[in-house]
Amino acid sequence: MRKPIIAGNWKMNKAAAEATLLANGIKRDLFDVGNVEIVLCPPFTSLSLVGDVIQDTPISLGAQNMHWEKEGAFTGELSAAMLKEAGCKYVIIGHSERRAYFGETNESVNKKVKAALREGLVPIVCVGEKLEDRESGKAFDVVSEHVEKGLEGLGESEAVKIVIAYEPVWAIGTGKTASAAQAEEIHKFIRELLSKKYGKKTSESICIQYGGSVKPDNIKELMTEIDIDGALVGGASLKEESFVAMVKEVSEL
Ligand code: 13P
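Quick caveat: nothing in here was measured; it's all calculated off a predicted structure.

K.L.:
Which parts of the structure should I look at to understand the site of the ligand?
P.N.:
Residues in close proximity to the ligand total 13 residues, the closest being K11, H95, G173, S213 and G235. In the model, an oxygen atom of the ligand is placed 2.7 Å from a nitrogen or oxygen of the S213 main chain. In this structure, an oxygen atom belonging to the ligand sits 2.8 Å away from a main-chain N or O atom of G235. For the ligand, the protein covers 95% of the area, taking 300 Å² as the surface of the free molecule. The residue inventory of the shell around the ligand, partitioned by class, reads 4 nonpolar, 7 polar and 2 charged.

Here it is in C-alpha cells:
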C-alpha cells in the first residue's frame, strides 16, 4: 500500500510571520495524523522557520526548486545540500510555473532529479500537459515525454525513491479540476510507463500525486481512484482550515 502524500506548495506566499503562524496551526491540528505523509513547501526564506516549527513531528519540509550543481557561481540559486541543511526531505522539481516562466526544460529537470537523489532528497517531479496539448489530443505524448526525459538514466533503485506529481497546467489555479476519471486515466498511464521502465513492483511502489485546484470538497473523489496517491496543493494549502480539512479527508479514507 502506498502511503498518501499531501503536500502544500505555498509558491511565492507566506513570509516569515505568516509562514510561522500557518505551520504552527497545521502542527497543532495534524500532529497525530499518522497514515498520511504531510509536506509543507514554503518559499526559501521561510524554510528554516517552518522547519523549526515542525521539528520532532511527522510533518516534513520541502523546497520548491533547486540547482543541480553542488556549488559555484550561480547567482540566486540553491544547491540540494543547502536544502538538506535547512531541513528539507523533499524538493519540487519541474513545476509547470518554472517551466513556463523560468525556462525549466526536461533536461534541467533530469539534472535536478539526479542531484536531489544524490543528496538524499526526495524529488517531487512535476509533469503535465497544457490546455492546447489536451485539446489537440497530445496530453499522453506530453506527459510521456516529461516522464521519459525527466527520469532519463535513473535506475530502479533510484526510481523507487521519487514522487511524481501529475499537474495538468489547465487545472492549476483555475478552479477547473480534472475530473477524477480524467486524472486517473493519466495516472494509470504514468504507472504503466513506470512499469515498462522499472518493472511492475517498482511502479506500484511509486507515489503519483495529483495537483490542480485540489480543495477540501474534491480531494476525496480524486483520492479514491486507484492510481492517485496524494495531492500537491497550491491555493488551498495557504489556509490552515482548508489544508487541515484535506489531510483529514484523506486520513479517513
Ligand atoms: P492550485 O492548487 O492553486 O491549483 O495549484 C496547484 C499547484 O500548482 C501545486 O503545485
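K.L.:
Is there a simple way to explain the environment of E18 in this structure?
P.N.:
Note that E18 resides in helix α1 (residues 16–30). C-alpha separation for the pair E18 and K248, spaced 230 residues apart in sequence, amounts to 22 Å.

K.L.:
Whenever I open this one, unusual backbone geometry confuses me. Can you help?
P.N.:
Among all residues except glycine, the phi angle is most often negative; among peptide bonds, the trans geometry is most common. The backbone of K11 sits at a positive phi, close to 50 degrees, despite the residue not being glycine. Relative to the assigned elements, K11 resides in the loop between β1 (5–9) and α1. Here S213, not a glycine, exhibits a phi torsion of approximately 55 degrees, which is positive. Tracing the sequence through the fold places S213 in the loop between β7 (207–211) and α11 (219–223). A residue is classified by how much of its surface remains accessible, and S213, at 14% relative accessible area, is buried.

K.L.:
Looking at this structure, I do not really get the sheet that holds strand β3 (residues 60–63). What am I missing?
P.N.:
The strand order around the closed barrel built from 8 strands is β1-β2-β3-β4-β5-β6-β7-β8, with neighbouring strands paired in parallel fashion. Averaged over all neighbouring strand pairs, the angle between strand axes comes to 25 degrees, with direction disregarded.

Calculation criteria
- Residues numbered from 1 in each chain as written.
- Predicted model: local features only at pLDDT ≥ 70, side-chain atom pairs only at ≥ 80, totals over all residues.
- Heavy atoms only, no water.
- Near = heavy atom within 4 Å.
- Polar contact = N/O pair within 3.5 Å; in protein donor to acceptor, adjacent residues only side chain to side chain.
- Areas by Shrake-Rupley, 256 points an atom, 1.4 Å probe, with all protein chains shown as cover.
- Nonpolar A, V, L, I, M, F, W, Y, C, P; charged D, E, K, R; others polar.
- Helix = DSSP H or I, 4+ residues; strand = E, 2+ residues; numbered from the N terminus.
- Buried < 20%, exposed > 50% of the residue type's maximum accessible area, 1.4 Å probe, protein only.
- Pairing = 2+ DSSP bridges.
- Axes fitted to C-alpha atoms, helices over the stretch in contact; angles between N-to-C directions.

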